[in-house]
Every structure is written in structure tokens, then in C-alpha cells.
Amino acid sequence: MSFFNLSNIQKALFHAPFIRKSNYFKMAVHTFLESKVLKKTITYPKVINFLLTMKCNLRCEVCHAHDALLSSGSNELKTDFIKSFIQQCGSFSPDWHFSGGEPFAHKDLYQILNEVHSHKMKSSLVSNGLLITQKKLEQIKPGALSAIIFSIMGDEKGHDKEVMKVGAFQTLVKNIQLFAKYQPTCKIFLNLILTPSLVDNIKKVFEDIKTLPIEGIKFTHLNYLTSSEIEDYKIYATDHDFGNQKAYSYRNDFSMDDYLNKLKAIDFTQSPFPYQFAPDLSQNDLSNWYNQDFSLTRKCHFIWYSTFLYSDGQIKSCQFLQEPMGNIKDKPIIEIWNSPKYQKFRQSIDKKMSSACARCCKL
């Protein structure tokens with residue numbers, strides 16, 4: 001899969017509120033140069049995925065960060081340190097995507113978004129939408145947040161069941177309307193996670209969301225691993241001298257044949273809004289994705305242009321492998337990004353993908 005194809009151009013247009021055109025260009029050019037020619041990075045991350053807090057008001061089973069969620073933020077980076085770090089990153093001007101945990105659980109979210117905006121960088125975030133209030137929205141400067149994604153996992157009954165909170169769907173719908181009122185310049189997207197609850201009730205979901213003030217929909221395929229894939233990753237990690245041998249994804253050993261047939265029967269053109277898939281799969285790829293013996297045929301470009309920053313300052317490879325690369329409290333991020341350890345990790349994944357990469361939405 002190449003950056004220079006129609007699918008990726010369409011993705012770039014669809015996700016323009018998330019990433020500046022200049023950074024999309026750098027992602028394409030630098031990734032090709034570094035991954036194909038130099039076989040190492042010499043530049044800087046174009047996108048920083050910042051898990052701002054690991055505090056969350058929900059415990060969704062499908063969340064890749066489920067095991068890391070906390071009720072306390074005692075180990076989090078201090079706000080003044082974060083603002084200073086953002087200022088330092090202004091020299092290479094990445095785009096920022098905030099997640100967690102739940103970003104709105106961080107008391108100083110508005111200060112951090114405003115700081116990014118003051119340095120003319122772009123911010124987006126993903127939220128479950130339940131902690132949004134008028135006061136929090138009024139503290140975010142106009143234009144400081146370019147795009148926001150709210151996750152939906154089914155119709156009202158199905159969504160509430162998936163997030164294990166009665167009334168969550170109705171609260172989310174109400175808060176999307178509130179968000180649009182107080183942050184009118186921010187583009188709103190929905191992440192429709194293709195859970196069985198959503199697939200079984202897709203027409204009802206379309207009906208429920210059709211009047212919402214949103215820009216588009218991202219349909220996200222299920223990210224899961226089988227027991228054998230989780231065990232195989234331990235061997236892979238050992239063979240490549242990785243510091244972390246755990247694959248961060250929920251375990252699913254059930255046959256997906258019935259689910260797959262239902263998924264293939266959906267007419268997605270009935271969506272009330274423009275949409276994209278993550279990842280964009282052909283019919284053959286779709287069957288492979290939901291097979292217990294999944295075989296990888298794609299390459300990972302993500303690790304060449306983007307990184308994950310955790311709330312304690314740790315830089316990690318991605319949300320599914322979470323290989324620790326260093327801490328921004330100890331070293332500059334560009335030094336970590338271009339470190340021998342990070343280079344070795346990229347080369348390992350580039351040479352042979354791990355079993356834990358099997359159903360990654362970034363592929």
C-alpha cells in the first residue's frame with residue numbers, strides 16, 4: 001500500500017480537519033524517503049498522538065487502553081511541563097491528536113488545546129462525549145480544536161450495553177448538540193465502531209444520527225487478536241529484543257462467519273453522511289480480516305510518521321504494541337524519535353510484521 005494512490009488521496013481530503021496539507025505532504029515524501037531509501041528516520045514525527053490522561057469514566061471492552069486506565073492522574077505530566085513541551089515542538093510543527101482515557105477528564109484540557117493553537121499547530125481529539133459541559137467548551141478558544149471524533153458502538157440499547165452505562169447514548173447525542181453550539185468552527189465526526197451491536201442495527205443507527213451536526217463518519221473495523229496471535233507476539237518480541245511482550249488488544253477466539261456475512265450485506269451508501277473505513281478493505285481483505293488465521297499483506301507506514309505520547313511522558317511505538325522508546329522528561333522527542341532503539345523497531349516491523357499488528361486500523 002502506497003501513499004501515492006487514490007484511496008490515500010481520498011483519506012487526506014476526508015481528514016483535512018485533522019492534519020494540515022503541509023504535514024500530509026511531509027508524511028508522504030519523508031515516509032517514502034526514510035522507509036524505502038534510507039531505512040531510518042532523520043526528521044521528526046508529523047503527528048503526535050497524546051494520551052493526555054489515563055483517567056476515564058468508562059471501561060469499554062473494545063478499548064485498546066482498557067488495561068492502562070486509571071482513576072487517578074497522580075503520575076501525569078504537569079500542565080506547565082506539557083505547555084513547555086508543546087512550545088518546543090513548535091520548531092517542527094506537528095499536528096496533535098488527543099485521546100486517553102477521556103481527554104475531557106483532564107482539568108486543564110482547554111489550556112493545552114489553547115497552547116497548541118497559539119503556536120499555529122492543529123489539534124483534534126476523540127471523546128466518549130459524556131463529560132462535556134458548557135463551561136469546558138467556553139474555555140476552549142475559537143479555532144483551538146479543529147476536529148473531534150465521538151465514538152458510537154450501536155443503537156441506543158447496543159451502545160449503552162457496549163460502554164456499560166445506561167443513558168450513555170442519549171447523553172452523547174445531547175452533548176454533540178451542545179458541542180456544536182459552543183464550538184461552531186470545530187468539525188464533528190462520528191467513529192462508528194463495527195461492533196455486532198452496530199452491525200445488527202445499522203439502519204436504526206443511521207436513523208438516530210441523521211439529524212446530528214456532523215461532518216462525516218469513520219467506520220472502524222474491529223481490532224482484536226486471537227489467543228494464538230497474542231502468544232505468537234511474545235515469541236516475536238523476544239526474538240527482536242523488544243522491552244514489552246504484551247499485545248494490547250482484546251482477545252476474540254469466536255468464529256466471525258455470521259458477523260462477516262451480515263457486514264458484507266450492509267449497504268453503506270445509505271449512510272446519511274460522507275464516510276471512510278479504517279482500514280479501507282477490499283472484499284478479499286475483509287474476509288481475511290475476520291478470519292481466525294489472518295495473514296498480513298500490508299505494510300505499516302504509521303511508525304514512520306507518527307508516535308504515541310502517554311500521560312506519564314513515555315513515548316511508545318503505537319497503541320497495540322506499546323514498545324517504550326523513551327521519556328520526554330529525560331530526552332527531547334526528536335532524539336527519541338531518531339534513536340537506535342526506535343530505528344531498530346521500525347526495521348523489525350518493516351522486515352516482518354508481528355502477529356499483534358494483525359488487525360490494526362492504521363494499516
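Residues numbered from 1 in each chain as written. Predicted model: local features only at pLDDT ≥ 70, side-chain atom pairs only at ≥ 80, totals over all residues. Heavy atoms only, no water.

*Asks:* Please explain the nonpolar core as it appears in this structure.
*Replies:* The nonpolar side chains of soluble globular proteins are, as a tendency, buried together. Within the largest apolar cluster, 112 residues are counted, with the highest numbers of intra-cluster contacts made by Trp96, Phe179, Leu190, Ile209 and Tyr290. Looking at this core element by element, the count peaks at six residues for helix H7 (residues 168-182). Filtering out sequence-adjacent residues up to four positions away, Leu190 remains in contact with Ile149, Phe150, Ile152, Ile176, Ile209, Leu212, Ile214, Gly216, Ile217 and Lys218. (Core = buried A, V, L, I, M, F, W, Y, C linked by side-chain atoms within 4.5 Å. Buried < 20%, exposed > 50% of the residue type's maximum accessible area, 1.4 Å probe, protein only. Helix = DSSP H or I, 4+ residues; strand = E, 2+ residues; numbered from the N terminus. Contact = heavy atoms within 4.5 Å.)

*Asks:* Before we go on, may I ask you to explain the packing of helix H6 (residues 156-163) against H7 in this structure?
*Replies:* When two helices pack together, their arrangement is given by the angle between the helix axes and the distance between those axes. Interaxial distance between H6 and H7 falls to 7 Å at its minimum, and their mutual angle equals 105°. Between H6 and H7, the crossing angle belongs to the class labelled roughly perpendicular. Each of Glu156, His159, Asp160 and Val163 in H6 lies in contact with H7, whose residues at this interface are Ala168, Phe169, Gln170 and Leu172. Its residues placed into classes, the contact of H6 with H7 shows four nonpolar, two polar and two charged. (Axes fitted to C-alpha atoms, helices over the stretch in contact; angles between N-to-C directions. Parallel < 35°, antiparallel > 145°, perpendicular 65-115°, else oblique. Nonpolar A, V, L, I, M, F, W, Y, C, P; charged D, E, K, R; others polar.)

*Asks:* Help me out: how do you make sense of the sheet that holds strand S6 (residues 216-220) in this one?
*Replies:* Strand pairing in a sheet takes place through backbone hydrogen bonds and is either antiparallel or parallel in direction. With mixed pairing, the 10 strands of this open sheet are ordered in space as S9-S6-S5-S4-S3-S2-S1-S10-S11-S12. Of all strands in the sheet, those bounded by a partner on one side alone are strand S9 (275-278) and strand S12 (324-327). Across the sheet, the axes of successive neighbouring strands diverge by a mean angle of 25°, strand direction being ignored. Bridge count for strand S2 (residues 95-100) against strand S3 (residues 123-127) is three bridges, and the pairing is parallel. Bridge pairing in S3 links His97 to Ser124. In the packing of helix H3 (residues 79-89) onto the sheet, contacts are made with strand S1 (47-53), S2 and strand S10 (306-309), and the angle to S1 comes to roughly 175°. (Pairing = 2+ DSSP bridges.)

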